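Chains, contacts and geometry: an overview
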Amino acid sequence: MIDNFLSNFQDGVYHILNIKSYDHILFLIVLTIPYLFKDWKRVFTLISVFTLGHCVSLALTTYNIINVNIKLIELLIPISILIIALFNVFTAGKKSHGPIIGLVFFATLFFGLVHGLGFVSTFETLISSSENKLLVLLEIGLGFEVGQLFIAFMVIFLSFLCQTIFRFSKRDWIMVISSIVVGFILPILIKNNLFS
């Protein structure tokens, strides 16, 4: 029982930290780059909403409530990263307003649903017919949460270092990092024929 939990938990963490599926890492970078340590409650909530989206979409597909068009999901994932990165670029340095924060939370939930759909085929290989699918989903979801919180902490820590030691302005830091992520995402979108 403990072995199964640890294995599923590790699978969830590995999915987030696996450099081969760097789309998750890029999304988490642009999601958390605007925040500092003092914003930890908001970051924790965003990460949890993102995890919830993952788990809901996995549950919906696992129990055959919805079917997935994998080609569409492979296109929507980089688009979701691009949207948040561009949002950061255009709002960097501006004061946060209530409706904007609500929009970010809603967008994070939606993108969590999309990113979760991208994990469906891998998830199906991880569960056997004898296992309780809901329990496995919760265990993997806990791994998602911990892996995502680790990435978020690293992003915020790096932001802290660059803004305090190297004296980057918060606005410039957000714009530069978000623009770098856009530079990573555009070739993926071109490869997926978005612009053709």
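Below is a short write-up of the structure. (Residues numbered from 1 in each chain as written. Predicted model: local features only at pLDDT ≥ 70, side-chain atom pairs only at ≥ 80, totals over all residues. Heavy atoms only, no water.)

1. Some details on the packing of helix H4 (residues 70-91) against helix H8 (residues 170-191)
Put simply, the rule reads: With axes taken as lines fitted to C-alpha atoms, and helix axes fitted only over the stretch in contact, angles between N-to-C directions fall between 0 and 180 degrees. Secondary structure is summarised from DSSP: a helix means a run of H or I of at least four residues, a strand means a run of E of at least two, and numbering begins at the N terminus for each. Any angle that falls under 35 degrees is termed roughly parallel, while one over 145 is termed roughly antiparallel, one within 65 to 115 roughly perpendicular, and all others oblique. For any helix crossing, the convention is left-handed if the near helix is rotated counterclockwise from the far helix by under a right angle, and right-handed if that rotation is clockwise. The criterion used for residue contact is that any of the two residues' heavy atoms lie within 4.5 Å. Side-chain classes follow a simple rule in which Ala, Val, Leu, Ile, Met, Phe, Trp, Tyr, Cys and Pro form the nonpolar group, Asp, Glu, Lys and Arg form the charged group, and the remainder, Gly included, forms the polar group.
Where H4 meets H8, the axes come as close as 9 Å, and the angle between the chain directions of the two elements is 155°. The angle between the axes of H4 and H8 places the two elements in the roughly antiparallel class. In this structure, H4 meets H8 at a crossing whose hand is left-handed. On the side of H4, the interface is formed by Leu75, Pro78, Ile79, Ile81, Leu82, Ala85, Leu86, Asn88 and Val89, while H8 contributes Ile174, Met175, Ser178, Ser179, Val181, Val182, Ile185, Leu186, Ile188 and Leu189. Per-class residue counts for the contact of H4 with H8 are 16 nonpolar, 3 polar and no charged.

2. Brief notes about the packing of aromatic side chains
Note the cut-off: Geometry of aromatic contacts follows a simple scheme: Phe, Tyr and Trp rings, the Trp one being its six-membered ring, pair when their centres are within 6.5 Å, and the pair is stacked under 30 degrees between planes, edge-to-face over 60, tilted otherwise. Classification of residues uses two cut-offs on accessible area relative to the type maximum, computed with a 1.4 Å probe and protein chains only: under 20% is buried, over 50% is exposed, and between them is partly exposed.
Enumeration according to the criterion identifies 10 aromatic pairs in this entry. With 5.8 Å between their ring centres and 80° between their planes, Phe27 and Phe111 make a pair best called edge-to-face. Separated by 84 residues along the polypeptide, Phe27 in helix H2 (residues 22-32) and Phe111 in helix H5 (residues 98-117) bring together distant segments of the chain. We note that Phe27, like Phe111, is buried. Three or more aromatic residues joined by ring pairs make a cluster, and in this case those are Phe27, Phe50, Phe110 and Phe111.

3. Some thoughts on the environment of Gly93
Mapped onto the elements of the fold, Gly93 is located in the loop between H4 and H5. In sequence terms Gly93 and Phe166 are 73 residues apart; their C-alpha atoms lie 18 Å from each other.

4. Observations concerning unusual backbone geometry
Phi is mostly negative for residues that are not glycine, and the peptide bonds are mostly trans. We note that Asn64 has phi near 55°; this positive angle belongs to a residue other than glycine. Position of Asn64 relative to the elements: it lies in the loop between helix H3 (40-62) and H4.

5. As for a nonpolar patch on the surface
The condition that has to hold: For patch detection, residues must exceed 30% relative accessible area and be free of salt bridges, and they are connected within 9 Å for like charges or within 5 Å for nonpolar side chains (Val, Leu, Ile, Met, Phe, Trp, Tyr). Each accessible area is a Shrake-Rupley estimate made with a 1.4 Å probe; only the visible protein chains count as cover when residues are assessed. A pairing counts as a salt bridge when a side-chain nitrogen of Lys or Arg comes within 4 Å of a carboxyl oxygen of Asp or Glu.
Together, Leu17, Phe37, Phe150, Phe153, Met154, Phe157 and Phe160 make up an exposed nonpolar region whose accessible area comes to about 620 Å². Of all the elements, helix H7 (residues 133-164) adds the most residues to the nonpolar patch, at 5 residues. The residue Phe160 is located in helix H7 in this model.

6. Quick look at the nonpolar core
The cut-off we apply is this: Residue types Ala, Val, Leu, Ile, Met, Phe, Trp, Tyr and Cys, when buried and joined through side-chain atoms within 4.5 Å, form a set referred to as a nonpolar core.
Among the nonpolar cores identified, the biggest contains 50 residues, and Phe27, Leu58, Ile81, Phe123, Val181 and Ile185 are the most heavily contacted of them. In terms of residue count, H7 provides more of this core than any other element does, 9 residues in total. Discounting chain neighbours no more than four positions away, the residues touching Phe27 are Phe50, Ser80, Ile81, Ile84, Phe111 and His115.

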